[in-house]
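# Chain and residue survey
These are the residues of each chain, in order.
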Amino acid sequence: MLKSTGAAVAATMLAGCSSGGDGDDGGDSESEETTAGDDGGDDSGSSGENTVAVSPDGDLNFKPEELTVSVGDTVTWDFQAPSHNVSAWPDMQDKISIPDGAEGFGTMEKGGEAFATVDEGTTFEHTFETAGEYTYVCTPHAASGMVGTIVVEE
Ligand SMILES: [Cu+2]
């Protein structure tokens, strides 16, 4: 028993040796680097990071287009150009959707003027109390694809 195992191992090593030749296959460089102890910034409490740029560089978009936050987090929209808005009032525009039981939000009042826009330099904040996916729009530009998503995790 022992003997045959030994023989098998020896044979395997031999086979490995002869097929491998003496080249050392290049890659010794890619081994060492395991991520240097940066395991996801869970910035204590309210962070300043949950900001969405509205129309950066005058483009008709939100940046980031999709943002993931946690329940209780506040997101700030930073209007970098005039003539835009934010609406997540479910009945205001077709593309808008919010989780069941969630509060809508927008730069205009609920039931307010859908096409009301805000000035450049305005900021708008909303605190998310219900988990789920919120799809919001800039109503004048929703048809041009100015649509954003906030994913709120438990
Ligand atoms: Cu817009």
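This structure is a prediction, so every number in the text was calculated from the model and none was measured.

Quick look at the environment of Phe115 now. Within the element layout of this structure, Phe115 appears in the loop between strand S4 (74–79) and strand S5 (123–127). Taking the C-beta count within 10 Å as the criterion, Phe115 has 13 such neighbours and is therefore assigned partly exposed. Between the alpha carbons of Phe115 and Ser83 there is a distance of 9.1 Å; along the sequence they are 32 residues apart. When near neighbours in sequence (up to four residues on either side) are disregarded, Phe115 contacts Thr139 and Pro140.

So, about the UniProt feature "binding site: Cu cation" (unreviewed entry) in the protein chain. Mapped onto this structure's residue numbering, the UniProt feature "binding site: Cu cation" (unreviewed entry) falls at His84, Cys138, His141 and Met146. A maximum C-alpha distance of 9.5 Å places the annotated residues, which cover 63 residues in sequence, within one compact spot. Examined against the element boundaries, Cys138 turns out to sit in the loop between strand S6 (132–137) and strand S7 (147–153). Residue Cys138 is classed as buried on the basis of its C-beta count, with 27 C-beta atoms lying within 10 Å. Discounting chain neighbours no more than four positions away, the residues touching Cys138 are His84, Asn85, Val86 and Met146. Tracing the backbone shows His141 in the loop between S6 and S7. For His141, a count of 18 C-beta atoms within 10 Å gives the class partly exposed. In this structure His141 touches Leu60, His84 and Met146, once residues within four positions along its chain are discounted.

Another point: the sheet that holds S7. The three strands lie next to each other as S3-S7-S6, forming an open sheet whose pairing is mixed. Looking at the sheet topology across the chains shown, the edges are occupied by strand S3 (66–70) and S6. Averaged over all neighbouring strand pairs, the angle between strand axes comes to 20 degrees, with direction disregarded.

If you trace the four strands from one edge of the open sheet to the other, you get S2-S1-S4-S5, paired in mixed fashion. Of all strands in the sheet, those with a lone pairing partner are strand S2 (62–63) and S5, marking the two edges. Note: S4 against S5, five bridges, orientation antiparallel. The residue of S5 that forms the bridge with Thr76 is Glu125.

Our focus in this paragraph is the pairing of S4. The alternating pattern of S4 places Val75, Trp77 and Phe79 on a buried face, while none of Thr74, Thr76 and Asp78, on the opposite face, is buried. Two elements, strand S1 (residues 51–54) and S4, share four bridges in a ladder whose sense is parallel. For Val52, the partnering residue across the bridge sits in S4 and is Trp77.

The subject of this paragraph is the environment of Glu154. Following the sequence through the fold, Glu154 ends up in the segment after S7. It is 8.3 Å that separates the C-alpha atoms of Glu154 and Gly132, two residues lying 22 residues apart in sequence.

Thresholds, definitions, all that
- Residues numbered from 1 in each chain as written.
- Predicted model: local features only at pLDDT ≥ 70, side-chain atom pairs only at ≥ 80, totals over all residues.
- Helix = DSSP H or I, 4+ residues; strand = E, 2+ residues; numbered from the N terminus.
- Buried ≥ 20, exposed ≤ 12 C-beta atoms within 10 Å, placed from the backbone.
- Contact = placed C-beta atoms within 7 Å.
- UniProt positions renumbered as here; feature names shortened; annotations may be inferred.
- Pairing = 2+ DSSP bridges.
- Axes fitted to C-alpha atoms, helices over the stretch in contact; angles between N-to-C directions.

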